[in-house]
Amino acid sequence: YFLRQAILMAPENAMFGNVSMNQMAAEMTYAVKNLSLGSVPPQMELFDKDGNKVKMPQAGKPTLLFFWTPDESIGLDIVQRQDQLAAQYPDLVFCPINVNQPLADWQASLQELGITNAYMDNEQNAGGQAYRVSQLPMAVLLNEYCNILFIGFPNQQLQAALNNCFAPCLLYTSPSPRDRG
């Protein structure tokens, strides 16, 4: 409430660093609406390794959107171990998304590194901008309905979110009075 009131009462040209209060409020609203836990993130148009357009995310299976570049060692290590990830979580759609690299260079890098499953952001880096990628690597775990379960640097919290996403449902229900005989 108080933040909203402060923003409403601030003059239009009030600055937060080199960004106006209105711009900061618009950015925070975008992040809360599109990039917070439980929200559905924006659609993005990517290219597969053959240059075909693909829209992501797609509902139906849990998906890990993974923003990376071949120049960055942590992300490269995770992308190169995607077969292990698939063995551990067979129903997970792993979507490594390369950002900030020309398409021809990216295709050459994939071939050199032996990576067969990867996607490329468009040349304007629209996916990276829509997801506010500010550091690499960055992971976004989505459930089968495309709700965000995790967003950020891949760490133990991502591992916990993956484990929770794929944990068997262990609900106990007591017998109904009818079943007690």
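Residues numbered from 1 in each chain as written. Predicted model: local features only at pLDDT ≥ 70, side-chain atom pairs only at ≥ 80, totals over all residues. Heavy atoms only, no water.

Student: Give a detailed account of the overall build of the protein chain, specifying residues and quantitative values.
Tutor: Per the secondary structure count, the protein chain includes 7 helices and 9 strands. Looking at the 181 residues of the protein chain, the share that counts as buried comes to 38%. If you take every contact in the protein chain between residues at least 6 apart in sequence, the share linking residues at least 24 apart comes to 60%. With the model as given, the accessible surface of the protein chain reaches about 11300 Å², and the carbon-plus-sulfur share is 54%. (Helix = DSSP H or I, 4+ residues; strand = E, 2+ residues; numbered from the N terminus. Buried < 20%, exposed > 50% of the residue type's maximum accessible area, 1.4 Å probe, protein only. Contact = heavy atoms within 4.5 Å. Areas by Shrake-Rupley, 256 points an atom, 1.4 Å probe, with all protein chains shown as cover.)

Student: Tell me about the side chain of Q101, residues and numbers included.
Tutor: Mapped onto the elements, Q101 comes out in the loop between β6 (93-98) and α5 (103-113). Excluding residues within four positions of it along the chain, Q101 makes contact with P70, W106, S109 and M120.

Student: An account of the pairing of β6 is requested, with residue identities and associated values reported.
Tutor: Within β6, 5 of the 6 residues are buried, which leaves it mostly tucked inside the rest of the structure. For strand β5 (residues 63-68) and β6, the ladder comprises 6 bridges, and the chain directions are parallel. If you follow F67 over to β6, its bridge partner there is I97. Sheet analysis places β6 next to strand β7 (residues 119-120), joined by 2 bridges and oriented parallel. Paired with I97 across the two strands is Y119, which belongs to β7. Each parallel crossover has a hand, and the one from β6 via α5 to β7 is right-handed. (Pairing = 2+ DSSP bridges. Right-handed = clockwise from strand over helix to strand, strands pointing away.)

Student: Kindly report on the sheet that holds β6, identifying the contributing residues and their values.
Tutor: Taken together, 7 strands build an open sheet; the order of strands is β4-β3-β7-β6-β5-β8-β9 and the sheet is mixed. Sheet topology places β4 (53-56) and β9 (148-152) at the edges, where each strand pairs with a single neighbour.

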